[in-house]
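Survey of secondary and tertiary structure
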Amino acid sequence: MKHEAWDPALAAEIIARNATLDGATLPILHALQETFGYIERAAVPMIAEAVNLSRAEIHGVVTFYHDFRSAPAGSHVVKLCRAEACQSVGAVELAEHARRSLGVDWHGTTADRRITLEPVFCLGLCACGPAALIDGDPVSGLDPATFDAAVAELRA
């Protein structure tokens, strides 16, 4: 998933293109993240001015929603399900293993910038959890061994 390098002029164009939409804040944020892979801190005052909200309000939206990143993700994104159905079949232990083996916490990226670990709350794979999305592809029936094998494949 290739993203553009941060470009204030391109960001201003994206913001202007979406600023007239009803409830423009979320469409602007989604468009910026789709383009750059994250919401650059410098975009916050630009968005605030365009939609007539405070910087604090825009920052609050960015930090409230788990899908918005404030830093670029790694080359690969692993989203582990944290919902109750997956928790009941081992997702808590899997999450502890994933965080420990990757050496990151939630929303963290490995030192080699290869893998970002994120929580997700229900993938609809409740009957075959623990589940994850690995680069957008659903994977189910995970345990520490299958997680490690998937990570090794990402790093290969």
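A brief report on the enclosed structure follows. Since the model is a prediction, treat every value here as computed from it, not as a measurement. (Residues numbered from 1 in each chain as written. Predicted model: local features only at pLDDT ≥ 70, side-chain atom pairs only at ≥ 80, totals over all residues. Heavy atoms only, no water.)

**Section: the state of the cysteines**
Using the criterion set out here, one finds zero disulfides in the structure. Unpaired in terms of disulfides, C86 finds its nearest cysteine sulfur in C81, a separation of 3.6 Å. Counting only cysteine sulfurs, C122 is the nearest neighbor of C126, a cysteine outside any disulfide, at a range of 3.9 Å. Judged by relative accessible area, C126 falls into the partly exposed class, the value being 39%. (Disulfide = S-S within 2.5 Å. Buried < 20%, exposed > 50% of the residue type's maximum accessible area, 1.4 Å probe, protein only.)

**Some details on unusual backbone geometry**
The residue after G129, namely P130, is reached through a cis peptide bond having omega -5°. Its location among the elements puts P130 in the loop between β3 (115-120) and β4 (132-134). Within the chain, R113 stands out as a residue other than glycine whose phi angle is a positive 65°. Along the chain, R113 turns up in the loop between β2 (108-109) and β3. (Helix = DSSP H or I, 4+ residues; strand = E, 2+ residues; numbered from the N terminus.)

**Quick notes on the pairing of strand β1 (residues 76-81)**
Within β1, five of the six residues are buried, which leaves the element mostly enclosed by the surrounding structure. Both β1 and β3 contribute to a ladder of six bridges, which runs parallel. Paired with V77 across the bridge in β3 is T116. (Pairing = 2+ DSSP bridges.)

**A few points about the pairing of β3**
Consecutive side chains along a regular strand alternate between the two faces of the sheet. Of all six residues making up β3, six are buried, and the element is well covered by its neighbours. Both faces of β3 are covered, namely the face carrying I115, L117 and P119 and the face carrying T116, E118 and V120. Linking β2 back to β3 in an antiparallel pair, the connection comprises five residues, with R113 at a positive phi of about 65°.

**Overview of the sheet that holds β1**
The five strands lie next to each other as β2-β3-β1-β4-β5, forming an open sheet whose pairing is mixed. Edge positions in the sheet fall to β2 and β5 (137-139), since each has one partner strand and no second.

**With respect to the packing of helix α2 (residues 25-36) against helix α3 (residues 43-51)**
The geometry of α2 relative to α3 is characterised by a closest axis approach of 11 Å and an angle of 150° between their N-to-C directions. Comparing their axes, α3 and α2 come out roughly antiparallel. Classified by chirality, the crossing of α3 by α2 is right-handed. Residue-level inspection shows T25, I28, L29 and L32 of α2 in contact with α3, the latter providing A43, I47 and V51. (Axes fitted to C-alpha atoms, helices over the stretch in contact; angles between N-to-C directions. Parallel < 35°, antiparallel > 145°, perpendicular 65-115°, else oblique. Left-handed = near helix turned anticlockwise from the far one by under 90°. Contact = heavy atoms within 4.5 Å.)

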